Amino acid sequence: MPISEEIIVRSELRWAAISVGVVSVIMIALIYAGLVHHINPPSNIERIDPKTLHLGGEFTEANLGTRVSGDGQVTSRIVATQFTFQPRCVVLPANRRVTLRFATPDVIHGILVSGTNVNTMIVPGYVSQVHTVFTRTGDLLMPCHEYCGLGHSEMSATVRVVPPDEFKPDAEGRVACDAR
Ligand code: CUA
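Below is a summary of the structure that appears in this document. (Residues numbered from 1 in each chain as written. Predicted model: local features only at pLDDT ≥ 70, side-chain atom pairs only at ≥ 80, totals over all residues. Heavy atoms only, no water.)

### Some remarks on the sheet that holds strand E9 (residues 138–143)
Now for step 1: Taken together, the three strands give an open sheet; going across it, the order is E4-E10-E9, and neighbouring strands pair in mixed fashion. What marks the edges here is a single partner per strand, and that holds for strand E4 (89–93) and E9. Strand-to-strand twist in this sheet, taken as the mean axis angle between neighbours without regard to direction, amounts to 25°.
Now for step 2: Where E4 meets strand E10 (residues 156–162), five bridges bridge the pair, whose relative direction is parallel. Each residue of the ladder has a partner; that of valine 90, found in E10, is valine 159. (Pairing = 2+ DSSP bridges. Helix = DSSP H or I, 4+ residues; strand = E, 2+ residues; numbered from the N terminus. Axes fitted to C-alpha atoms, helices over the stretch in contact; angles between N-to-C directions.)

Printed below as a string of C-alpha cells:
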C-alpha cells in the first residue's frame, strides 16, 4: 500500500515542529543564562605587549595582586604563565564589585573561579578583564582551563573571598593572602 501524501506532509510538519522546539529551548537557555546568571562573553579589547609585560606598566611584579584605588575600586592583577599564576592567591571582598585583570607572556590560558560566573580566556597580547561580585566567602579554586602544555593540570590559584569587615587594605591599598 503506497503511503499517502497527507501522511508524509504530516510527518514532515511534526519533525519541523520538533526542530523549531529544540532551537527555541536553546535560545531561551542562552537568554536566561545571559540575563539571570550574567554569563556573557567578555567585551573589552585591550592590547598589551606580551614581551615587555613584566618590565613596565601595570603587570610588573610589584603591581600584582589585589589593590584598592583611591576611589574605592578593588582590582586584582594576575599574570598567567606556564605553569603557574602570579600571585598564586588573591584576596577579594564579598558583596562588592571587584575587577579581575589578567595577562600572559607566553601562550593561551583560561581561567574560571569555581562556583561563580567568572570565566575567561587569557590570550597573549590582550588584557582579559572581568567584573563580578562574589557572594560566598572562602577559598575558591581558580584552575587554568585551557590546555597550555605539560604542566597544565598543575596550574591553579586561589581566590580568597573574605567578609567585607575582614578586608583590610594596608597604607598602599594592598591586600595579600599571606598578610592575614
Ligand atoms: Cu595554563 Cu592550562
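Additional details are given in the paragraphs that follow.
### Focus: the pairing of E10
Now for step 1: Among the seven residues of E10, five are classified as buried, and the element is accordingly described as predominantly covered.
Now for step 2: As judged from the six bridges shared by E9 and E10, these two strands associate in the antiparallel manner. Among the inter-strand pairings, aspartate 139 is bridged to a residue of E10, identified as arginine 160. (Buried < 20%, exposed > 50% of the residue type's maximum accessible area, 1.4 Å probe, protein only.)

### Quick notes on the pattern of salt bridges
Now for step 1: Using the criterion set out here, one finds seven salt bridges in the structure.
Now for step 2: Residue arginine 10 is joined to glutamate 6 by a salt bridge in which the shortest nitrogen-to-oxygen separation is 2.4 Å. Here the residue arginine 10 and the residue glutamate 6 both occupy positions in helix H1 (residues 5–36), the gap between them amounting to four residues, near one helical turn.
Now for step 3: When its relative accessible area of 49% is taken as the criterion, arginine 10 is described as partly exposed.
Now for step 4: Within the structure, one salt-bridge network assembled from shared partners comprises Glu46, Glu58, Arg77 and Arg101. (Salt bridge = Lys/Arg side-chain N within 4 Å of Asp/Glu carboxyl O.)

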